[in-house]
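In case you want the letters, here they are:
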Amino acid sequence: MLGIARSCDAVRVGTTMMLMAVMAVSVVSGHDYGDALSKSILFFEGQRSGKLPTSQRMTWRKDSGLRDGFEIGVDLVGGYYDAGDNVKFNFPMAWSTTMLAWGVSEFRRRMGPDLPHALDAIRWATDYFLKATSVPGIVFAQVGEPYGDHNCWQRPEDMDTPRTPYAVSAQFPGSEVSAEIAAALAAASLAFRPVDPRYSALLLSRAKEVFKFADKYQGSYNDHLGQWVCPFYCDFSGYEDELIWAASWLYRATKARKYWNYVAANIDNLEHYELKTIYSLSSNGGSFAEFGWDTKHAGISVLASKTVMKNSHYSDIFVLNADKFVCSVLPESPTKYVKYSPGGLLVKPGGSNLQHATALSFLLIVYARYMVRANRVIQCGDVKATPARLIQVAKGQVDYILGSNPLNMSYMVGYGRKFPQRFHHRGSSLPSLDQHPQLIGCKDGTPYFESSSPNPNLLTGAIVGGPDIQDRYNDSRVDIAHSEPTTSAGLDALYTGVACPPCATRAPPGADQTGAARGGCEPGFLKVRLDRSFKRRWLQPWLEGDFRDRETSKRRMLLSKRVLATPSRADREEKIKMQQRRSSSGRPSGTDGSDFSYRMVVDSRYQKVAQGRSRLRALISIQAVIQLMGAVNLVLSISNGNVPSPLAISSLATALLSLIVGELGQRRSRVNFLRFHIFAAAAAILLSIACLFKVDLRLEDILNVHLVEAKKFKILEVGRVLFGLLVQVFAVKTTVSLISNMSPPKKTS
């Protein structure tokens, strides 16, 4: 997982949410938004960690991560793997959950048979977050040592890299990850309220606790977990936006005035961020036009605008900022903040661009709903933006992703006739346990990564990073920024909204004011009646003891020793340096601020490893020919009655041994073999040099025509040895570089 930062998580959820928002115009567009929505929700099952249920539909995935947290006495099994890797980053995972729950809350009546699966996807995350917040005074931010994980190409079912849990606490705060988890729990409580009130109440209660903790102990997890969360998911925009975002969701879920007062009292803080540089990655914070797993500004404005439009006595700053956001996105707006590709894709700087297109388009759909209810239009200079125009722009992004683009290619795996085949995903690119039950070690999967063959397992519904600003797409695992699917695309909810957008005009009195039935924009909606069996499915008993056991004090003591250890002097010095860094350059990635930098640090090494192995393979082949010539020359010399030198025999044998070990090392990606290859090659080089000094051959002998025939074997041997020395030196240099790229990078900048 590298950001290339891995903002990876932003592409999948945005896609699902977009589909939730777009489905009523499917007949006109020619795309089956309902099918796309079903597939985008199915993708969540491909990212599951933990013990898989019998209802698992993506059957090539099996149980994994069953001991997460056990080393410190906490059950952290479950949740989702971030993208194409096997790490659970709770910050972007929580944002994905919040957005998916938002989509369900807005469009549940139009989701039909996909609603239970969407709720399953949310519950899989919220069950995990309940575990991650089960120890009082502690919130777990991540599971899995990221550098070790990104150094392996391994199935989640086989992973043997460290599953280290990382946590924030009162002493070492992390308000952004804590507040985002609170937002996810609050939003999910709204999604479950109609079908499982008991579970909804539990989620809301925990959301309040976690928000109180995040607000009371304010601070960024960059300062305390920076060497593990950065540069993967650094928080560039500050933690204030997550606190306001969480308070907004808590107000929506509780209607408690104190949460709205918190939002109104702190909203001005978002406009006063300094430029930030974190682990050499710069970003400018605070913008009404930004929305993603790191920056929540536009989302806060749109979410709060619903309240403002219904209650005129509230501040209208949210509506003003939401209007400015719309004007920053519309292609014809004079204040447009984003760019569009020649084919019409919304583009912002950085990798995994579809996260921006989906997240921003979802906001357009939701805001269009609120505009319809309030009979509003937006004036962007001399351009008038109606709800219908907002829907049209969002629908255009969905259609582009599903295949209406210059390449006629769907960027959703499994949708349409042409879609990505060689995307960057460990589990999908490696044979499943059903096909290959034997263990695939850390480096055993490298040949599959380097292969040009399509991924053997269909990761249905996955949305890749997408094309570049010129609509070009390279279907290659190495091109991580464009080919890696992630959990935060947001397309799930967007597809539902496009499928059932708000009508451009108000419905007549007594009719549904918010949307249309699937298949057309008409008054009314598709009602989903929940029978008793469906309700019983969600009304599962809650056992308080599962999350608040009697050994809390013992677990906290254990955690304080293993997770919340006092930072070393080097850590404190690094924190001071990080706080002193300031840059005047702009944010490299637009919405998320991370620009997939961690993949450029870690996952891009796969490209270097592949090149190094190819180069070493060629050098070993050349060396094999040279040593074969030496063996032939030795045999001919013996046949002519010459006595071979023991030094020459030792040199030849050592060189052959280095070739065998080097070939095994590069083929199996075994570092120990490669190190032995370096040792053997160095010994062969020294022996070859010694052989040269032992050869009774002078330059005048070579130039003397009469002596050439008599000493031809010696001349050939000298030439072979010299050429072999040169190749051996290059092989050693290549092997050293290969080992370096196969090893985890330093964890600090």
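## Side note on a nonpolar patch on the surface
- Side chains of I622, F723, L726 and F730 sit close together on the surface and give an oily, nonpolar patch of about 380 Å² of accessible area.
- Considering every element that reaches the nonpolar patch, the biggest residue donor is helix α29 (residues 712-742), with three residues.
- By the element assignment, F723 lies in helix α29.

## Quick word on the sheet that holds strand β4 (residues 165-169)
- With antiparallel pairing, the three strands of this open sheet are ordered in space as β2-β3-β4. Strands at the two margins of the open sheet, each flanked by one partner only, are β2 (88-89) and β4.
- With five bridges joining them, strand β3 (residues 138-143) and β4 adopt antiparallel strand pairing. Bridge pairing links F140 to A167 in β4.
- The strands that helix α7 (residues 175-192) touches are β3 and β4; relative to β3, the one it contacts most, it runs at about 95 degrees.

## A short note on the pairing of β3
- Across the six residues of β3, six count as buried, placing the element largely inside the fold.
- Two elements, β2 and β3, share two bridges in a ladder whose sense is antiparallel. What sits directly across from K88, in β3, is V143.

## What about empty space enclosed by the protein?
- If you add up the space inside the largest cavity, you get close to 80 Å³.
- Taken together, Q623, Q627, S651, A655, A684, I685, S688, R720, V721, G724, L725 and Q728 make up the lining of the largest cavity.
- Every element with two or more residues in the lining of the largest cavity is listed here: α24 (605-639), α25 (646-668), α26 (671-694) and α29.
- Looking at which element gives the most residues to the lining of the largest cavity, the answer is α29, with five residues.
- In terms of residue class, the lining of the largest cavity is built from five nonpolar, six polar and one charged.

## Comments concerning unusual backbone geometry
- Even without being a glycine, K255 presents a positive backbone phi close to 60 degrees.
- Along the polypeptide, K255 turns up in the loop between α10 (240-254) and α11 (257-266).
- Its identity is not glycine, yet N375 carries a phi of approximately 55 degrees, on the positive side.
- For N375, the location among the structural elements is in the loop between α14 (354-374) and β9 (378-380).
- N375 sits in the exposed class, given a relative accessible area of 56%.

## Considerations on the state of the cysteines
- With the rule as written, the count across this model stands at two disulfides.
- The disulfide that involves C152 links it to C442, with 1.9 Å between the sulfurs. Around the S-S axis, the bridge from C152 to C442 shows a dihedral of about -90 degrees and counts as left-handed. With C152 in the loop between α6 (146-150) and β4 and C442 in the loop between α16 (426-429) and α17 (446-450), this residue pair connects regions lying 290 residues apart in the sequence.
- With a relative accessible area of 5%, C152 lands in the buried category.

## Topic: the pattern of salt bridges
- Tallied over the full model, the rule gives 21 salt bridges.
- Between R57 and E45 there is a salt bridge, and its shortest N-O distance comes to 2.9 Å. Linking R57 in the loop between α3 (33-46) and β2 with E45 in helix α3, this pair joins segments that are 12 residues apart in sequence.
- On the basis of relative accessible area, R57 is assigned to the partly exposed category, the value being 35%.
- Via salt bridges that share partners, D68, K88 and R163 belong to a single interconnected network.

## Observations regarding a positive patch on the surface
- Taken together, the side chains of K208, K212, K216 and K258 make up a positively charged region of the molecular surface.
- The element contributing the most residues to the positive patch is helix α8 (residues 197-216), with three residues.
- Structurally, the position occupied by K212 is in helix α8.
- On the basis of relative accessible area, K212 is assigned to the exposed category, the value being 60%.

## Considering α3
- Over its 14 residues, α3 extends 20 Å from the first C-alpha to the last, a length consistent with the 20 Å expected when each residue adds 1.5 Å.
- A large share of α3 lies buried, amounting to 12 of its 14 residues.
- Residues of α3 that are buried: Y33, G34, A36, L37, K39, S40, I41, L42, F43, F44, E45 and G46.
- Two or three places before G34, at the start of α3, stands the capping residue D32, its side-chain oxygen 3.2 Å from that residue's backbone nitrogen.

## Some thoughts on the pairing of β4
- In terms of residue burial, β4 counts as a mostly covered element, since five of its five residues are buried.
- Residues of β4 alternate between two faces, with P165, A167 and S169 on one and Y166 and V168 on the opposite face, all of them buried.

## Observations concerning the side chain of D196
- Structurally, D196 is set in the loop between α7 and α8.
- Taking relative accessible area as the criterion, D196 reaches 0% and is therefore assigned buried.
- Of note is the side chain of D196, whose polar atom sits 3.0 Å from the side chain of R123.

## Comments concerning the packing of aromatic side chains
- In the structure shown here, the tally under the stated rule is 24 aromatic pairs.
- Note on W95 and F291: the rings are 5.8 Å apart at their centroids and 65 degrees apart in plane angle, and the pair reads as edge-to-face. Taken as a pair, W95 in helix α4 (residues 90-107) and F291 in the loop between β6 (281-284) and α12 (297-310) lie far apart in primary sequence, 196 residues in all.
- One Lys or Arg, R123, reaches over the ring of Y199 and ends 4.1 Å from the middle of that ring.
- The ring of Y251 has K255 sitting right over it, with the charged end atom 5.6 Å from the ring centre.

Calculation criteria
- Residues numbered from 1 in each chain as written.
- Predicted model: local features only at pLDDT ≥ 70, side-chain atom pairs only at ≥ 80, totals over all residues.
- Heavy atoms only, no water.
- Patch = residues over 30% accessible without salt bridge, like charges linked within 9 Å, V, L, I, M, F, W, Y side chains within 5 Å.
- Areas by Shrake-Rupley, 256 points an atom, 1.4 Å probe, with all protein chains shown as cover.
- Salt bridge = Lys/Arg side-chain N within 4 Å of Asp/Glu carboxyl O.
- Helix = DSSP H or I, 4+ residues; strand = E, 2+ residues; numbered from the N terminus.
- Pairing = 2+ DSSP bridges.
- Contact = heavy atoms within 4.5 Å.
- Axes fitted to C-alpha atoms, helices over the stretch in contact; angles between N-to-C directions.
- Buried < 20%, exposed > 50% of the residue type's maximum accessible area, 1.4 Å probe, protein only.
- 1 Å grid on protein atoms, 1.4 Å probe; cavity = no way out; pocket = protein on both sides within 12 Å on 5 of 7 lines; lining within 4 Å.
- Points joined across faces, edges and corners; volume = space filled by probe spheres on them.
- Nonpolar A, V, L, I, M, F, W, Y, C, P; charged D, E, K, R; others polar.
- Disulfide = S-S within 2.5 Å.
- Lys, Arg positive; Asp, Glu negative; His and termini not counted.
- Charge placed at Lys NZ, Arg CZ, Asp CG, Glu CD.
- Expected span 1.5 Å × (residues − 1).
- Polar contact = N/O pair within 3.5 Å; in protein donor to acceptor, adjacent residues only side chain to side chain.
- Phe/Tyr/Trp six-rings, centres within 6.5 Å; stacked < 30°, edge-to-face > 60°.
- Lys NZ or Arg CZ within 6 Å of the ring centre and 35° of its normal.

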